[in-house]
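Each chain, written out:
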Amino acid sequence: MALPEGSTDLYNEFFSLAKLDSIPMTPHGKIVSVPSTASVKDAVRTLAEANVLSAPVRAVDAPADSDWVERYIGTVDAVNLMYWLISQAPDDVPYDLGELLKKKIAETPITEVIDADPDTARFNPFVPLDPSNNTMLDVMLLLGKYAQHRAFVVETAGDITNVITQSAVVKFLKGYVDRMAPTMHKSLRDLNLVRPATRPVASVGDADTFWTAFKLMREKGVSAVPLVGADGVIKGVVSARDARLLVVRPTRLRFVNQPLSLFEDLHVEPFNVETVCVTPDSTLEDVIDRFISTKVHRVFIVDAANKLCGVVSLRDVIATMVKEPEPSALADYFASKVSAN
């Protein structure tokens, strides 16, 4: 896992003074969780009904007075599901892959999925944040440098009181654009977020399939890849979110090894989702505005000819705004987790 180092520590003090309640409570009004007895199919249905991409897995046999380590055994999210799906098929993908996956989804306990892949399970159950000890600086580092998709606020008694997502943090940053103007008004080029030609963005083409797209994401350690036409122009995006959609709608699993052009013709996921593009001269504030207005998780950077030359994710924005102090309790925590595994 790459650990991007922020370009500035100008705002570290501000983040260290900002409390966790700077982020509003989850809009769902309650914390969505998945019971440890659920199958993959049941767990994904829970995610879909709540319109979320991740949820903590709750140990159903944990005592009522247990702390968070006993009460929550991990998290399941779209990336986790995508990696697990890939592991279920042989290298020589069979034509009836959809039927194979459909059977696996119905029969496999979610507890097997959350620990199936070392890249998504190594930090399970999750890093708890205590409102009395942690601040927004910890959130910025967790969701930026350390690539966590969300931060869990846990009270001393062991229950989750809030889930802070990357999207919520970007909205928080928008409220302080003027305070952070030296960075917010810089272009993506000046912030070194435009990739050089020697490091092209991983992408797929019309003839590729969902399956090859998922495998490419797994290989590159990313959660989405753009679909690029023969002319080099972006036509759509395939993301880990689509893995969740395929599981929720098993009838679509039969298309998992069909060309992506078929889905474009049908105007279904991923081609009915807006593909958002910016330019190398767009400012960080411009990008944040696009994230908030479109609710996407990444924007693509295109040149004057609309050719792909980069991608900026929610994580990139967050990581850019903070630099890890030394010493760092979080650095020590993650080092100990990696050593243990």
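Above: the structure in question.
Residues numbered from 1 in each chain as written. Predicted model: local features only at pLDDT ≥ 70, side-chain atom pairs only at ≥ 80, totals over all residues. Heavy atoms only, no water.

(A) The overall build of the chain, seen in detail. Along the backbone of the chain there are 16 helices and eleven strands. Counting only residues that meet the buried cut, the chain has 51% of its 341 residues in that class. Of the contacts made within the chain by residues no fewer than 6 positions apart, 67% connect residues no fewer than 24 positions apart. Total accessible area computed for the chain in this model is approximately 16,100 Å², and 49% of it derives from carbon and sulfur atoms. (Helix = DSSP H or I, 4+ residues; strand = E, 2+ residues; numbered from the N terminus. Buried < 20%, exposed > 50% of the residue type's maximum accessible area, 1.4 Å probe, protein only. Contact = heavy atoms within 4.5 Å. Areas by Shrake-Rupley, 256 points an atom, 1.4 Å probe, with all protein chains shown as cover.)

(B) Molecular detail of the packing of aromatic side chains. Taken as a whole and judged by the stated rule, the model has five aromatic pairs. Aromatic rings pair up to connect F14, F15, F172 and Y176 into one cluster. The ring of Y83 carries R218 above its face, with NZ or CZ at 4.3 Å from the centroid. (Phe/Tyr/Trp six-rings, centres within 6.5 Å; stacked < 30°, edge-to-face > 60°. Lys NZ or Arg CZ within 6 Å of the ring centre and 35° of its normal.)

(C) Quick look at the sheet that holds strand β5 (residues 150-154). An order of β4-β5-β6 is seen for the three strands of this open sheet, with the pairing classed as mixed. Edge positions in the sheet fall to β4 (128-129) and β6 (160-165), since each has one partner strand and no second. In the sheet, β4 pairs with β5 via two bridges, with the strands oriented parallel. Note on β5: the bridge partner recorded for L129 is V153. (Pairing = 2+ DSSP bridges.)

(D) Spotlight on the nonpolar core. Formed by 48 residues in total, the largest nonpolar core has its most connected members in F15, V169, L173, V317 and M321. By residue number, the principal contributor to this core is helix α8 (residues 136-143), which donates seven residues. Setting aside anything within four residues of it in sequence, one finds V169 in contact with I23, M136, V139, M140, L143, I164 and I318. (Core = buried A, V, L, I, M, F, W, Y, C linked by side-chain atoms within 4.5 Å.)

(E) Representation of the packing of helix α11 (residues 210-220) against helix α12 (residues 240-248) within the structure. Packing of α11 against α12 brings their axes to within 10 Å, and their N-to-C directions diverge by 135 degrees. Looking at the two axes, α11 sits oblique to α12. The two elements α11 and α12 meet at a crossing, and its hand is left-handed. Counted together, F210, F214 and M217 of α11 and A240, D242, A243 and L246 of α12 form the full contact between these two elements. Classifying every residue of the contact of α11 with α12 by side-chain character gives six nonpolar, no polar and one charged. (Axes fitted to C-alpha atoms, helices over the stretch in contact; angles between N-to-C directions. Parallel < 35°, antiparallel > 145°, perpendicular 65-115°, else oblique. Left-handed = near helix turned anticlockwise from the far one by under 90°. Nonpolar A, V, L, I, M, F, W, Y, C, P; charged D, E, K, R; others polar.)

(F) Region of the structure containing the packing of helix α4 (residues 78-87) against α11. At a minimum axis distance of 10 Å, the contact between α4 and α11 shows a crossing angle of 115 degrees. In terms of their interaxial angle, α4 and α11 are classed as roughly perpendicular. The element α4 and its partner α11 pack so that their crossing is left-handed. For the pair α4 and α11, contact is made by M82, Y83, L85 and I86 and by W211, F214, K215, M217 and R218, respectively. For the contact of α4 with α11, a count of residues per class yields seven nonpolar, no polar and two charged.

(G) Structural detail: the pairing of strand β7 (residues 224-228). Among the five residues that make up β7, five are buried, leaving the element largely enclosed by the rest of the structure. Here β7 runs beside strand β8 (residues 234-239); their pairing, made up of five bridges, is antiparallel. Directly across from V225, in β8, lies its bridge partner V238. Following β7, the chain reverses through five residues before pairing antiparallel with β8; G232 in that reversal takes a positive phi of roughly 85 degrees.

(H) Examining the environment of W211 more closely. Tracing the backbone through its elements, the reader meets W211 in helix α11. When the C-alpha atoms of W211 and A243 are compared, they prove to be 9.7 Å apart, with 32 residues separating the residues in sequence.

(I) Structural detail: the pattern of salt bridges. One pass over the structure, following the stated rule, counts nine salt bridges. Between R71 and D159 there is a salt bridge; the shortest N-O distance is 3.9 Å. You can see R71 sitting in helix α3 (residues 68-71) and its partner D159 sitting in the loop between β5 and β6, a full 88 residues away along the chain. You can call R71 buried: its relative accessible area is 14%. (Salt bridge = Lys/Arg side-chain N within 4 Å of Asp/Glu carboxyl O.)

(J) Representation of the side chain of N12 within the structure. Secondary-structure assignment places N12 in helix α1 (residues 12-17). Discounting residues that sit within four places of it in the chain, N12 has contacts with L137, V322, K323 and P325.

(K) Main features of the sheet that holds strand β2 (residues 54-58). Reading across the sheet, the three strands line up as β1-β2-β3 and stay open at both edges, with mixed pairing between neighbours. This sheet does not close on itself; its edge strands, each paired only once, are β1 (34-35) and β3 (72-77). Here five bridges tie β2 to β3, and the two strands are oriented antiparallel to one another. Along β3, the bridge assignment pairs P56 with T75.

(L) Seen up close, the state of the cysteines. Evaluation of the coordinates by the stated rule reveals zero disulfides. C277 carries a free sulfur, and the closest cysteine sulfur to it, the one in C309, is 9.7 Å from it. By relative accessible area, C309 is classed as buried at 17%. (Disulfide = S-S within 2.5 Å.)

(M) Layout of unusual backbone geometry. Of note, the amide linkage connecting E326 to P327 takes the cis form, showing an omega dihedral of -5 degrees. Turning to its location among the elements, P327 is positioned in the loop between α15 (314-320) and α16 (329-340). A positive phi is found at K295, a non-glycine position, where the angle reads about 65 degrees. In this fold, K295 is placed in the loop between α14 (284-294) and β10 (298-302). Judged by relative accessible area, K295 falls into the exposed class, the value being 68%.

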